[in-house]
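# Working through the structure, step by step
Read off the chains here:
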Amino acid sequence: MGLPSYLKSYLIYLLFCLFNVTSINSTKPLKKEAVLFGGDFPALYVIGDSLVDPGNNNYLLTLVRANFKPYGSNFKGGKATGRFSDGKTIADYIAIYYGLPLAPAYMGLSKKEKNNLSTGINYASASCGIFPDTGKQFGRCLSMNVQIDLLNKTIEKNLKKKFKTQLELSSHLGKSLFMTAIGVNDYAFTYEKNATDANEFASMLLNEFLKQLERLYNLGARNFFVNNIKPLGCYPNIIAKTVPRGSCNDSLNLAIDIFNVQLRESLSHMHHRLSNTSFLYSDYFNFMLGLRGPSSNQVSSNLLNTTSPCCPRVYNGGSTTTCLPFSKACKEPDMYIFFDPRHPTQIANFLYAISCFQKREVCHVVID
């Protein structure tokens, strides 16, 4: 028998008290980790997809948006900002850890705001990916190369006005943190439909990703926070159709893991090849697998619904992979890992931040 609803809520409350977000940055970093775990970054620049999109798709002609309720029910003021969650994303918690403002959506900034902003910008766009054409069947989105084009535009048109000398600008970029969280849509929309060889696909995707990462380096980035690709095969939109129902699509997860392993190895080579670089590798894949369980994680196994989305409240694996404006959500999203069939809840993102920064189980500094 499960715990009563009121008791679950009380235990979640205790969890937040024990792991208050202000305590996330209380662990003293080891010397070799000081740059990335203890770094005093002036800005956070985010490249990604719907996992970290703060609302860029609100301003694009696309079917993939989250600027309506019940999204944002746990965000400040209960506002649906465009985040595909009930609250904060992992990019938000990373900003909080480093004492920075939440990086705003690039598309929602005025010219004046762009000229005055030097604490970071988020360029992430839902449905897009590493390959230029990924997700375009749903409308316009910002692929990884386009997001980096916009970052370059920010540097040329805005930051050069903020920083009067090239030395000041280079120092700002060199000390800032550049986060990436992208690639799952390439597997969802390209790999699955084309039935490509898993090794061949991973190599092609990784080659494009590393090319874009090197573009960031050439623009001045030196500190990188790189998330690997999530285990899409265990997400509600997939397991609603598996046999037996609820089981993970292991072949899809294996294909993604091939990319993740190669990514981790490639970052080590890149760290060696590119001077003055620091890489933090985030194993988001295994973090989400651990939350799903069964595992020794008592929080997930005893408290959280690990297979069904909070929104829509009743999900039968239909064609929609997001919540809709008329969808009814669960009453307690803090009891769920997934808010909609493809995106995590704020509580899952919060637990990620604990695992990454306090426990140091998810995030690791890359060395040669």
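Structural notes, computed from the coordinates.

Definitions and limits used
- Residues numbered from 1 in each chain as written.
- Predicted model: local features only at pLDDT ≥ 70, side-chain atom pairs only at ≥ 80, totals over all residues.
- Heavy atoms only, no water.
- 1 Å grid on protein atoms, 1.4 Å probe; cavity = no way out; pocket = protein on both sides within 12 Å on 5 of 7 lines; lining within 4 Å.
- Points joined across faces, edges and corners; volume = space filled by probe spheres on them.
- Nonpolar A, V, L, I, M, F, W, Y, C, P; charged D, E, K, R; others polar.
- Helix = DSSP H or I, 4+ residues; strand = E, 2+ residues; numbered from the N terminus.
- Contact = heavy atoms within 4.5 Å.
- Pairing = 2+ DSSP bridges.
- Axes fitted to C-alpha atoms, helices over the stretch in contact; angles between N-to-C directions.
- Expected span 1.5 Å × (residues − 1).
- Buried < 20%, exposed > 50% of the residue type's maximum accessible area, 1.4 Å probe, protein only.
- Polar contact = N/O pair within 3.5 Å; in protein donor to acceptor, adjacent residues only side chain to side chain.
- Phe/Tyr/Trp six-rings, centres within 6.5 Å; stacked < 30°, edge-to-face > 60°.
- Lys NZ or Arg CZ within 6 Å of the ring centre and 35° of its normal.

### Some details on empty space enclosed by the protein
Enumeration according to the criterion identifies 2 cavities of 30 Å³ or more in this entry. Put simply, the largest cavity is a space of about 90 Å³. Asp49, Leu51, Ala181, Ile182, Gly183, Val184, Asn227, Asn228, Ile229, Lys230 and Tyr284 together form the lining of the largest cavity. Across the lining of the largest cavity, the residue classes break down as 6 nonpolar, 3 polar and 2 charged. Lining of the second largest cavity is provided by Ser50, Leu51, Phe84, Ser85, Thr89, His343, Pro344 and Asn349.

### Let's talk about the side chain of asparagine 122
Structurally, asparagine 122 can be placed in the loop between helix H4 (111-116) and helix H5 (144-162). For asparagine 122, the residues in contact, after removing those within four places along its chain, are Val46, Val52, Pro54, Asn56, Ala91, Ala103, Pro104, Ala105 and Tyr106.

### Observations concerning the sheet that holds strand S2 (residues 177-181)
The strand order S1-S2-S3-S4-S8 describes an open sheet built from 5 strands, whose pairing is mixed. Each having just a single partner strand, strand S1 (44-48) and strand S8 (363-365) make up the two edges of the open sheet. When the angles between neighbouring strand axes are averaged without regard to direction, this sheet yields 20°. With 5 bridges connecting them, S1 and S2 associate as parallel partners. Residue leucine 44 lies in a different strand from S2, and its bridge partner there is leucine 177.

### Overview of helix H8 (residues 198-219)
Relative to the 32 Å expected for 22 residues at 1.5 Å per residue, H8 spans 32 Å between its end C-alpha atoms, a close match to the ideal helical length. Among the residues of H8, Ala198, Phe201, Ala202, Leu205, Leu206, Glu208, Phe209, Leu210, Gln212, Leu213, Leu216 and Tyr217 are the ones counted as buried. Looking at the buried side of H8, the elements it contacts are H5, S2, helix H7 (184-194), strand S3 (223-227), helix H10 (250-273) and strand S4 (278-282). A side-chain oxygen of the first residue of H8 lies 3.2 Å from the backbone nitrogen of asparagine 199; this N-cap is aspartate 197.

### Re the sheet that holds strand S5 (residues 305-309)
Here 3 strands make up an open sheet; going across it, the order is S5-S6-S7 and the pairing mixed. Among the strands making up the open sheet, the edge pair consists of S5 and strand S7 (343-344). In this fold helix H11 (residues 284-292) packs onto S5, strand S6 (336-340) and S7, with an angle of close to 110° to the strand it touches most, S6.

### Remarks on helix H13 (residues 346-358)
The end-to-end C-alpha separation of H13 is 17 Å, in line with the 18 Å expected for 13 residues at 1.5 Å each. Where burial is concerned, most of H13 is hidden: 12 out of the 13 residues are buried. Residues of H13 that are buried: Gln346, Ile347, Ala348, Asn349, Phe350, Leu351, Tyr352, Ala353, Ile354, Ser355, Cys356 and Phe357.

### As for the packing of aromatic side chains
Here the structure, examined in full by the defined rule, presents 22 aromatic pairs. Three or more aromatic residues joined by ring pairs make a cluster, and in this case those are Phe37, Phe41, Tyr97, Tyr98, Phe225 and Phe357. The cationic tip of lysine 114 hangs over the ring face of tyrosine 106; the distance from NZ or CZ to the ring centre is 4.1 Å. Here the basic side chain of arginine 264 rests over the ring of tyrosine 281, its NZ or CZ set 5.7 Å away from the ring centre.

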